[in-house]
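Below, each chain spelled out in residue letters.
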Amino acid sequence: MHRLAGIEMGGTHTVVVLGEPGRIDDRVEFDTTDPAETLGRAVAVIEDWRTAKPVDSVGIASFGPVRVARGAADYGTILDTPKPGWRGAEVIAAFAPLGCPLGLDTDVNAAALAEHRFGAAQGCQNTVYLTIGTGLGGGVLVAGKPAHGLLHPEIGHMRLRRAAGDRYKGHCAFHGDCLEGLIAGPALAARFGTHPSRVDPENPMWEPVAHDLAELLANLILTLSPERIVVGGGVTGHQPHLLPMARARVPALLGGYLRDCTPEVLKAMIVPPQLGDDAGPVGALILAGEALAAIPSPSHRH
Ligand code: ZN
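Residues numbered from 1 in each chain as written. Predicted model: local features only at pLDDT ≥ 70, side-chain atom pairs only at ≥ 80, totals over all residues. Heavy atoms only, no water.

Asker: Any chance you could explain the coordination of the zinc ion here in plain terms?
Answerer: Six octahedrally arranged donors around a metal ideally form angles of 90 or 180 degrees; four tetrahedrally arranged donors ideally form angles of 109.5 degrees. All of the protein donors around the zinc ion are His 157 (ND1), Cys 172 (SG), His 175 (ND1) and Cys 178 (SG); their distances to the metal are 2.1 to 2.3 Å. Between the four donor atoms coordinating the zinc ion, the angles at the centre fall across 100 to 122 degrees, so the site counts as tetrahedral. In this structure Cys 172 comes out as buried when scored by relative accessible area, which is 10%. On the basis of relative accessibility, which here comes to 31%, the residue His 175 falls in the partly exposed class. (Donors = N, O, S within 2.8 Å, 3.2 Å for Na, K, Ca; no water. Tetrahedral: all angles 85-135°; square planar, octahedral: opposite > 155°, others 65-115°. Buried < 20%, exposed > 50% of the residue type's maximum accessible area, 1.4 Å probe, protein only.)

Written as structure tokens, this is what we have:
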């Protein structure tokens, strides 16, 4: 029985858990502030757990962009984020003093792993996990493994064909009207002039939002051929009409080209998470387990 720790470090909130993949025994949560304070608190929580019994390995599910390629000189470093103080923050280095195996991936790749192993995407080859909240992130599993490469997928910053007549300029600091700039929480508040929860589901202001989300879904289906697209985060979680509205527009965008994508198939393909807010922390524990399994030492074999 291993004792693993996982950290889900989101843009606004950090969750540190103790347990095993599929079982959370303890949890500490705090706001994500500056790097020194946030990473220091996470390390302190784990050190506190270690006073009782050793922690075998640690998995870190970090907001991005973050260098996920082991062996890169800047492995585990936050890259070009608009989040103040975090550009160049050395995430993996902060946990090195713990002296145990460390795993790292994006928060959304980790959440995809968790939904794939325990939740809505079990048995799928290719899976996309989207979270639409204060930002828009997307994790991708190809053949059950997180997609890495040049960096990692940055789905939130994809561009799309805009809805006819939609003049909103967008909210992304880098691109203006990329997906995150159009349909993440701050963009909706700016578009609507009020909190999205105050806009009635029948209000036509939702139409371009549903259009934009449908463009994203259609593009993901065309590029990644996923069997499941799990859509989490506060925006669709608190406005349950939005995902069905967007899903209903996907067949028209596909233009009859993918004959497998019937409305019934799309309904089973594009779903909310089953693990809710635990997807990230559970994914971090999966990363910890993988980091431990990658260690060749016989003392870690079971
Ligand atoms: Zn962008």
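There's more to say after this.
Asker: Help me out: how do you make sense of the domain arrangement of the protein chain in this one?
Answerer: Accessible area lost upon the coming together of the parts is a frequently used measure of interface size. In terms of domains, the protein chain is made up of domain 1 (4-107 + 278-300) and domain 2 (120-273). Counting residues at the interface gives 14 residues for domain 1 and ten residues for domain 2. Interface area, domain 1 with domain 2, both sides summed: about 820 Å², of which 65% is carbon and sulfur. If you look at where domain 1 meets domain 2, you find zero salt bridges. A class-by-class count of the residues in the side of domain 1 that touches domain 2 yields six nonpolar, four polar and four charged. (Domains from an automatic or database assignment. Contact = heavy atoms within 4.5 Å. Buried area = accessible area lost by both parts, 1.4 Å probe. Salt bridge = Lys/Arg side-chain N within 4 Å of Asp/Glu carboxyl O. Nonpolar A, V, L, I, M, F, W, Y, C, P; charged D, E, K, R; others polar.)

Asker: Teacher, can you tell me more about the nonpolar core here?
Answerer: Note on soluble globular proteins: their nonpolar side chains tend to be buried together. The biggest cluster of nonpolar side chains holds 39 residues, and the ones touching the most others in it are Leu 130, Leu 213, Ile 229 and Ile 270. Secondary-structure elements contributing two or more residues to this core are β6 (127-132), β7 (136-142), α4 (179-183), α5 (185-192), α6 (206-224), β9 (228-232), α8 (242-254) and α9 (263-269). With ten residues, the top contributor of residues to this core is α6. Setting aside its immediate chain neighbours within four residues, Leu 130 contacts Leu 136, Gly 137, Gly 138, Ile 155, Leu 216, Leu 217, Leu 220, Ile 229, Val 230, Val 231 and Gly 232. Among the nonpolar cores identified, the runner-up in size contains 29 residues, and Leu 39, Ala 42, Ile 78 and Trp 86 belong to it. (Core = buried A, V, L, I, M, F, W, Y, C linked by side-chain atoms within 4.5 Å. Helix = DSSP H or I, 4+ residues; strand = E, 2+ residues; numbered from the N terminus.)

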